[in-house]
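Chains, contacts and geometry: an overview
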Amino acid sequence: MLNLRQLEILRAVVQYRTTVGAAETLGMSQPTISNTIRHVETLLGFALFERVSNRLTPTEEALILLEESEPLFLLRDAVNQRAADLRMGKIGRLRVATTAELSEAVLPSLIADYGREFPRVQISVETRPLDSVLQVVENGVADVAFMISAYERQGLQFETVDELRTVCLCDAQDPLAKLDVVTPRDLVDRPLVGPQVANRVGLTLADSFQAAGYDYRPNIETRFMNTAARIVSEGWGVALVDELSAFTAMRPGLVVRPYAPELRFDLLAATPKSRPPSRQTQRFINAFGKRVVERIAEVRLASQRSGTV
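Residues numbered from 1 in each chain as written. Predicted model: local features only at pLDDT ≥ 70, side-chain atom pairs only at ≥ 80, totals over all residues. Heavy atoms only, no water.

**As for the overall build of the chain**
Note the threshold: The secondary structure listing takes helices from DSSP runs of H or I that are at least 4 residues long and strands from runs of E that are at least 2 residues long, numbered from the N terminus. The reference for a compact globule is 2.2 Å times residues^0.38; the radius of gyration itself is calculated from the C-alpha atoms. Accessible area is worked out with a 1.4 Å probe on protein chains only. A residue is then buried under 20% of its type maximum, exposed over 50%, and partly exposed in between. All accessible-area figures derive from a Shrake-Rupley calculation using a 1.4 Å probe, and residue coverage is judged against the displayed protein chains alone. Under the counting rule used here, the positive set is Lys and Arg, the negative set is Asp and Glu, and His together with the chain ends is not counted. Charged groups are reduced to one reference atom each: NZ for lysine, CZ for arginine, CG for aspartic acid, CD for glutamic acid.
Looking only at helices and strands, the chain has twelve helices and eleven strands in total. Since a compact globule built from 309 residues should have a radius of gyration of about 19 Å, the 32 Å found for the chain marks it as more spread out than a globular shape. Taken over 309 residues, the chain has a buried fraction of 45%. A total accessible area of about 16000 Å² is found for the chain, and carbon and sulfur atoms account for 51% of it. Here the chain contributes 36 positively and 38 negatively charged side chains, and the mean placements of these two sets differ by 2 Å.

So, in structure tokens, the structure goes:
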């Protein structure tokens, strides 16, 4: 018989004991408040207030109605708060897929900071090979995926986060460390760790070797560049990797040298074309981009400090 708005007016009049006070609180006119109370009383068939000296005293029946309706107001307030939290991005769910390089170089610190700022956002992360990363986003299993040098997929929208340069990671005592730039010729007959030719990055490196007249033949092939960088950090060989993978392996005694010809790989965020990214997803992509810029700046600063222009 009563709707929530009528109950809200009743509640305000009981609180302020005047229709004027209720009207100011609810942003309504005083006649509208008075008319609503009279209408509700007619509808119910009993009085809700006793009118004494311009003050309205609630009847026992009015108090009983308010007591029964209080859970409705609590539920409404909870829904409104939930909507505000969603608008502000304070709650929600975020499903992230990524390749191994980025799951090591960027995401751990980013997710830790994000979790501290938004503790009610549930985050899941899956590390997969590139094909699988693209598939889980296309199928809607993940909200966003991050990868290096992806290929087009009909169901995906790609956003370029940054560009990563190829660098040579080596020991500070290695002869390569004294070079301003490292070329394919410098890497011939060297213990090289690098991406396998079966993936897009490895194929691009192989093309750069071939253009210089040499074969790309890593002594140790890896699927992911962060693995190659880690092997060098353990004291074996030199590696051609992206800047972020170099960052994950940096330790005292290792240096980074630019690789020539200059090779750049797109760092991408992929989302489904079938639906626009949520506010939560887009904010995470933006935060990811800022963290990447910080990481690249650290690698380049380390390179400059070790003597490379």
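**Regarding helix 9 (residues 200-211)**
Quick reminder of the rule: The span expected for a helix works out to 1.5 Å for each residue beyond the first. In this description, one arc is meant: the one made by directions from the helix axis to the C-beta atoms. For this analysis, residues touch if any pair of their heavy atoms sits within 4.5 Å. For this analysis, a polar contact is any N or O atom pair within 3.5 Å, provided that within protein one partner can donate a hydrogen and the other can accept it, and provided that sequence-adjacent residues contribute only side-chain to side-chain pairs.
Helix length check: helix 9 (twelve residues) gives 17 Å between terminal C-alpha atoms against 16 Å at 1.5 Å per residue, within 8%. Along helix 9, the residues that are buried comprise V201, G202, L205, A206, S208 and F209. Viewed end-on, helix 9 has its buried residues packed into an arc of 160°, placing them on one side of the element. Exposed and oriented more than 90 degrees from the buried face of helix 9 are Q210 and A211. The elements touched by buried residues of helix 9 are strand 6 (156-171), helix 8 (184-187), strand 7 (192-195), helix 10 (225-233), strand 9 (238-242) and strand 11 (264-272). Where helix 9 begins, the capping side chain belongs to N199, and its oxygen is found 3.2 Å from the backbone nitrogen of V201. In the segment just after helix 9, G213 is the residue with positive phi, at about 90°.

**A word on the side chain of T248**
Relative to the assigned elements, T248 resides in helix 11 (residues 243-249). A residue is classified by how much of its surface remains accessible, and T248, at 10% relative accessible area, is buried. Among the polar contacts made by the side chain of T248, one reaches the main-chain carbonyl oxygen of S245 at a distance of 2.7 Å.

**What about the packing of aromatic side chains?**
As a reminder, the rule being used: Centres within 6.5 Å are what make two rings of Phe, Tyr or Trp a pair, Trp counting through its six-membered ring; a difference in plane orientation under 30 degrees is then read as stacked, over 60 as edge-to-face, and the rest as tilted. Criterion for a charge above a ring: Lys NZ or Arg CZ within 6 Å of the ring centre, and within 35 degrees of the ring normal.
Applying the stated criterion to the full structure yields six aromatic pairs. Ring centres of Y114 and F118 lie 5.0 Å apart, and the angle between their planes is 50°; this geometry places the pair in the tilted category. Each member of the aromatic cluster is reached from another via a ring pair, and the members are Y114, F118, F146, F284 and F288. For the cation-ring pair, R283 lies above F118, with the distance from its terminal atom to the ring centre recorded as 3.8 Å.

**Here we look at the nonpolar core**
So the rule is basically this: Put simply, buried Ala, Val, Leu, Ile, Met, Phe, Trp, Tyr and Cys residues joined by side-chain atoms within 4.5 Å make one nonpolar core.
Counting residues in hydrophobic clusters, the biggest one holds 56 residues, and the most contacted among them are F146, L187, L244, L267, F284 and F288. Non-local contacts of L187, meaning those with residues more than four positions away in its chain, are made with C168, L176, V182, L192, F209, V238, L240 and Y259. I9, A22, L56 and L66 belong to the second largest nonpolar core, which has 18 residues in total.

**Thoughts on the environment of L187**
Within the secondary structure, L187 is located in helix 8. Under the relative-accessibility criterion, L187 is labelled buried at 3%. Once the C-alpha coordinates of L187 and V238 are considered, the two residues, 51 residues apart in sequence, prove to be 8.6 Å apart.

**Focus: helix 3 (residues 30-44)**
Its 15 residues place the ends of helix 3 21 Å apart at the C-alpha level, agreeing with the 21 Å of an ideal helix rising 1.5 Å per residue. Residues I33, S34, T36, I37, V40 and E41 constitute the buried set of helix 3. The arc that holds every buried residue of helix 3, seen down its axis, measures 160°, which confines them to one face.

**So, unusual backbone geometry**
With omega at 10°, the peptide bond leading from A260 into P261 counts as cis. With respect to the secondary-structure elements, P261 resides in the loop between strand 10 (254-258) and strand 11.

**Overview of the pairing of strand 9**
For clarity, the threshold we go by: Only when DSSP finds a minimum of two bridges between them are two strands counted as paired.
With five of five residues buried, strand 9 lies mostly within the body of the structure. Because side chains alternate across strand 9, one face comprises the buried residues V238, L240 and D242, and the other comprises A239 and V241, equally buried. Note: strand 6 against strand 9, four bridges, orientation antiparallel. If you follow C168 over to strand 9, its bridge partner there is L240. Relative to strand 9, strand 7 is paired through two bridges, and the arrangement is parallel. Residue pairing in the sheet places V193 in a bridge with A239 of strand 9.

**As for the side chain of E41**
As for its placement among the helices and strands, E41 is situated in helix 3. A distance of 2.8 Å separates a polar side-chain atom of E41 from the backbone nitrogen of L48.

**Overview of the pattern of salt bridges**
Opposite charge on two side chains permits pairing when their charged atoms draw close. Heads up, the condition is: Take a side-chain nitrogen of Lys or Arg and a carboxyl oxygen of Asp or Glu: if they are within 4 Å of each other, that pair is a salt bridge.
Counted by the stated rule, this structure contains 18 salt bridges. As a salt-bridge pair, R217 and D215 come within 3.3 Å of each other at their nearest N and O atoms. A salt bridge links E294 to R291, with the nearest nitrogen and oxygen atoms 3.1 Å apart. Of the two residues, E294 and R291 both sit in helix 12 (residues 279-305), three residues apart, roughly one turn of that helix.

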